[in-house]
Amino acid sequence: MTTHSSAGGSLRDPSDGLGQGGPEGASRDGASPCQLAGSSAEAVVGPGAASPPDPADQWLSNYGFDLPEAAIAQRPVEPRHDARLLVVQPQAGAQHRRVWDLAASLEPGDLLVVNDTRVLQARLAARRASGGAVELLVLEPQGEGRWRCLAKPAKKLRPGDWLTVEAPGQPPLALQVLALDPSTGGRFIQFPADCIDAVALEPLLLRYGAIPLPPYIHQHSASDSERYQTRYATKPGAVAAPTAGLHLSDALLAELEARGVELARVTLHVGLGTFRPVETEDLSQLQLHSEWVEVTPALVTAVAACRARGGRVIAVGTTSVRSLEAVAALHGGQLAPHRGPVNLVIQPGYRFAVVQGLLTNFHLPNSSLLLLVSALIGRKRLLDLYAEAISEGYRFFSYGDAMWIDPAAVIESARPLR
């Protein structure tokens with residue numbers, strides 16, 4: 001039997017107090033059929049249910065676990081590839097290695113798909129006209145310099161209010177609250193009109209903002225602006241790091257290339273859909289906030305070439321999984337070039353269309369990321385492995401250790417059909 005999280009308070013990531021709600025409900029028996037996918041534009045059908053899931057898989061409260069607060073990583077390991085790696089075995093059990101050993105687990109011809117998003121310095125400290133402090137987390141552009149933001153305290157911000165953002169050596173920056181955002185509980189904020197997208201906004205955020213580390217990381221450092229980015233982060237737009245990729249050092253990437261493992265890039269700008277707490281106890285009703293994805297023609301070609309040569313498509317992080325699978329779901333199970341929002345829900349019972357193996361971190365209880373990894377190896381097995389990781393002293397969450405799920409360890413009914 002699993003238990004609910006007791007990890008020393010809120011574990012919301014990365015904007016505790018900026019969102020709404022949290023896990024609810026108690027364990028249930030039985031469930032309605034699983035809704036696998038959805039899109040902000042239209043309903044999306046995934047590759048199809050692999051097999052009827054365990055009815056208990058359909059209830060959020062069955063994805064909880066107890067985590068000692070001491071197990072939450074506060075600082076990253078150096079070098080990056082020296083983090084611990086829990087290797088999921090094909091039948092049962094696990095091996096305990098280092099991320100560097102991933103190179104020996106991959107084969108010539110394999111394709112490693114990484115997310116090349118770059119984390120914005122999206123956390124802004126501001127003051128209201130009354131002098132009261134406000135914190136903003138900048139999320140998504142809405143056109144003409146308007147941005148959706150989470151706010152703390154949001155209740156203090158009314159349409160028409162002005163905020164002042166200050167930073168050492170910079171002139172004060174005036175921002176106006178335009179409207180409430182019912183979908184997130186946040187606010188729409190007017191930035192300079194030329195800040196139309198993340199590329200245009202990033203110079204301003206570099207002057208005034210800070211890296212939005214998750215609230216469970218209490219030990220901050222000047223190195224976070226570099227360490228909370230992957231080594232291949234090139235496209236600005238995320239408000240949280242694709243954390244599995246934080247383990248890939250330049251040396252490990254070079255070793256993988258020398259072994260004949262190819263690298264391909266996808267872009268998913270990590271946003272509200274990743275870190276906002278799941279509030280839906282009945283997971284057949286779960287919908288996630290959409291996130292912006294780009295799958296290029298080059299990536300589609302790389303995946304096709306990998307399959308043609310008998311290689312395996314390995315995702316680095318759950319964001320890479322969601323990118324590949326959501327876009328394939330939009331195109332009848334076939335990966336195709338795509339640029340725009342997706343919000344696929346992956347949970348037990350899902351058959352993958354593209355991804356065969358996964359390098360991932362250890363995730364928060366009752367989270368959509370835990371559902372996704374459970375779809376690959378089963379909920380009960382995943383929670384047993386998490387219990388083993390806790391007993392073995394693994395470090396959890398963004399700056400923590402990693403798990404390697406080899407394609408041979410993926411349950412048969414979840415593997416791609418081709």
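The text that follows walks through the structure, step by step, so that each part is easy to find. (Residues numbered from 1 in each chain as written. Predicted model: local features only at pLDDT ≥ 70, side-chain atom pairs only at ≥ 80, totals over all residues. Heavy atoms only, no water.)

Scanning the protein for helices and strands turns up 9 helices and 17 strands. Across the protein, every contact between residues at least 6 apart in sequence was considered, and the portion connecting residues at least 24 apart equals 76%. With an accessible surface of roughly 16,200 Å², the protein has 52% of that area assigned to carbon and sulfur atoms. (Helix = DSSP H or I, 4+ residues; strand = E, 2+ residues; numbered from the N terminus. Contact = heavy atoms within 4.5 Å. Areas by Shrake-Rupley, 256 points an atom, 1.4 Å probe, with all protein chains shown as cover.)

To continue, consider helix α8 (residues 368-377). Here α8 lies mainly inside the structure; 10 of its 10 residues are buried. Looking only at α8, the buried set comprises Ser 368, Leu 369, Leu 370, Leu 371, Leu 372, Val 373, Ser 374, Ala 375, Leu 376 and Ile 377. Gly 378 sits one or two residues past α8 and shows a positive phi near 95 degrees. (Buried < 20%, exposed > 50% of the residue type's maximum accessible area, 1.4 Å probe, protein only.)

Excluding glycine, most residues fall at negative phi; most peptide bonds, likewise, are trans. Each neighbour pair has its own omega, and for Glu 78 with Pro 79 the value is -10 degrees, a cis peptide bond. Despite not being glycine, Glu 144 shows a phi value in the positive range, around 55 degrees. The exposed category is assigned to Glu 144, whose relative accessible area is 55%. Residues other than glycine seldom take positive phi values, yet Phe 397 does so here, at roughly 75 degrees.

Across all of its chains, the model carries 10 aromatic pairs by this definition. Taken together, a centroid distance of 6.0 Å and an interplanar angle of 85 degrees make the contact between Tyr 228 and Tyr 399 edge-to-face. Taken together, the positions of Tyr 228 in the loop between α3 (224-227) and β11 (235-238) and Tyr 399 in the loop between α9 (379-391) and β17 (402-405) put the pair 171 residues apart, joining distant regions of the chain. Residue Tyr 228 is classed as buried on the basis of its relative accessible area, which comes to 0%. Accessibility expressed as a relative area gives 2% for Tyr 399, which makes it buried. By way of ring pairs, the aromatic residues Phe 65, Tyr 216, Phe 362, Tyr 386, Tyr 394, Phe 396 and Phe 397 are connected into one cluster. Sitting over the ring of Tyr 63, Arg 379 keeps its end group 5.9 Å from the ring centre. (Phe/Tyr/Trp six-rings, centres within 6.5 Å; stacked < 30°, edge-to-face > 60°. Lys NZ or Arg CZ within 6 Å of the ring centre and 35° of its normal.)

If you want to describe how two helices pack, look at the angle between their axes and the distance between the axes. At a minimum axis separation of 11 Å, helix α7 (residues 318-330) and α8 run at an interaxial angle of 70 degrees. Considered as vectors, α7 and α8 are oriented roughly perpendicular to each other. Within the contact between the two elements, α7 uses Thr 318, Val 321 and Arg 322 and α8 uses Leu 369, Leu 372 and Val 373. (Axes fitted to C-alpha atoms, helices over the stretch in contact; angles between N-to-C directions. Parallel < 35°, antiparallel > 145°, perpendicular 65-115°, else oblique.)

Evaluation of the coordinates by the stated rule reveals 22 salt bridges. The closest approach of N and O atoms between Asp 250 and Arg 231, which form a salt bridge, is 3.0 Å. Here Asp 250 is found in helix α4 (residues 250-258), whereas its partner Arg 231 is found in the loop between α3 and β11, with 19 residues between them in sequence. Classification of Arg 231 as partly exposed rests on a relative accessible area of 40%. Within this structure, Asp 54, Asp 57, Arg 379 and Lys 380 form a network of salt bridges that share partners. (Salt bridge = Lys/Arg side-chain N within 4 Å of Asp/Glu carboxyl O.)

Time to look at the pairing of strand β7 (residues 146-152). Burial runs high along β7: 5 of the 7 residues are buried. Remark: 2 residues form the turn of the hairpin made by strand β6 (residues 133-143) and β7, two consecutive strands paired antiparallel; Glu 144 in that turn has positive phi of roughly 55 degrees. (Pairing = 2+ DSSP bridges.)

Leu 86, Tyr 228, Phe 352, Phe 396, Met 403 and Ile 405 are the most contacted members of the largest nonpolar core, which totals 79 residues. With 7 residues, the single largest contributor to this core is α8. Leaving out residues up to four positions away in the same chain, Tyr 228 has contacts with Val 119, Ile 211, Pro 212, Leu 213, Pro 214, Ala 240, Ala 241, Leu 246, Ser 398 and Tyr 399. One finds Leu 136, Trp 147, Leu 201 and Val 239 within the second-largest nonpolar core, a separate group that totals 31 residues. (Core = buried A, V, L, I, M, F, W, Y, C linked by side-chain atoms within 4.5 Å.)

At a closest axis distance of 7 Å, the pairing of α8 and α9 adopts a crossing angle of 110 degrees. The angle between α8 and α9 falls in the class roughly perpendicular. As α8 packs across α9, the resulting crossing turns out to be right-handed. Residue-level inspection shows Leu 370, Val 373, Ser 374 and Ile 377 of α8 in contact with α9, the latter providing Arg 379, Arg 381, Leu 382, Leu 383, Leu 385 and Tyr 386. A class-by-class count of the residues in the contact of α8 with α9 yields 7 nonpolar, 1 polar and 2 charged. (Left-handed = near helix turned anticlockwise from the far one by under 90°. Nonpolar A, V, L, I, M, F, W, Y, C, P; charged D, E, K, R; others polar.)

To continue, consider the sheet that holds strand β5 (residues 123-128). One closed barrel holds the 6 strands; their spatial order is β5-β6-β7-β10-β9-β8, and the pairing between them is antiparallel. Looking at each pair of strands side by side, their axes are set apart by 45 degrees on average, direction ignored.

This next bit is on helix α2 (residues 198-208). Of all the residues in α2, the buried ones are Ala 198, Leu 201, Glu 202, Leu 204, Leu 205 and Tyr 208. One side-chain oxygen of the residue at the start of α2 lies 3.3 Å from the amide nitrogen of Val 199, identifying that residue as Asp 197. (Polar contact = N/O pair within 3.5 Å; in protein donor to acceptor, adjacent residues only side chain to side chain.)

This paragraph deals with the sheet that holds strand β12 (residues 262-268). Here we have 9 strands laid out as an open sheet, ordered β2-β1-β17-β16-β14-β3-β12-β13-β15, and mixed in their pairing. In this open sheet, the two strands that pair with only one neighbour each are β2 (94-98) and β15 (338-342). Ignoring strand direction, the axes of neighbouring strands in this sheet form an average angle of 25 degrees. α9 rests against β1 (84-88), β2, β16 (357-361) and β17 of the sheet, and its axis sits at about 145 degrees to β1.

On to the side chain of Glu 294, then. Among the secondary structure elements, Glu 294 is positioned in strand β13 (residues 291-295). Judged by relative accessible area, Glu 294 falls into the buried class, the value being 19%.

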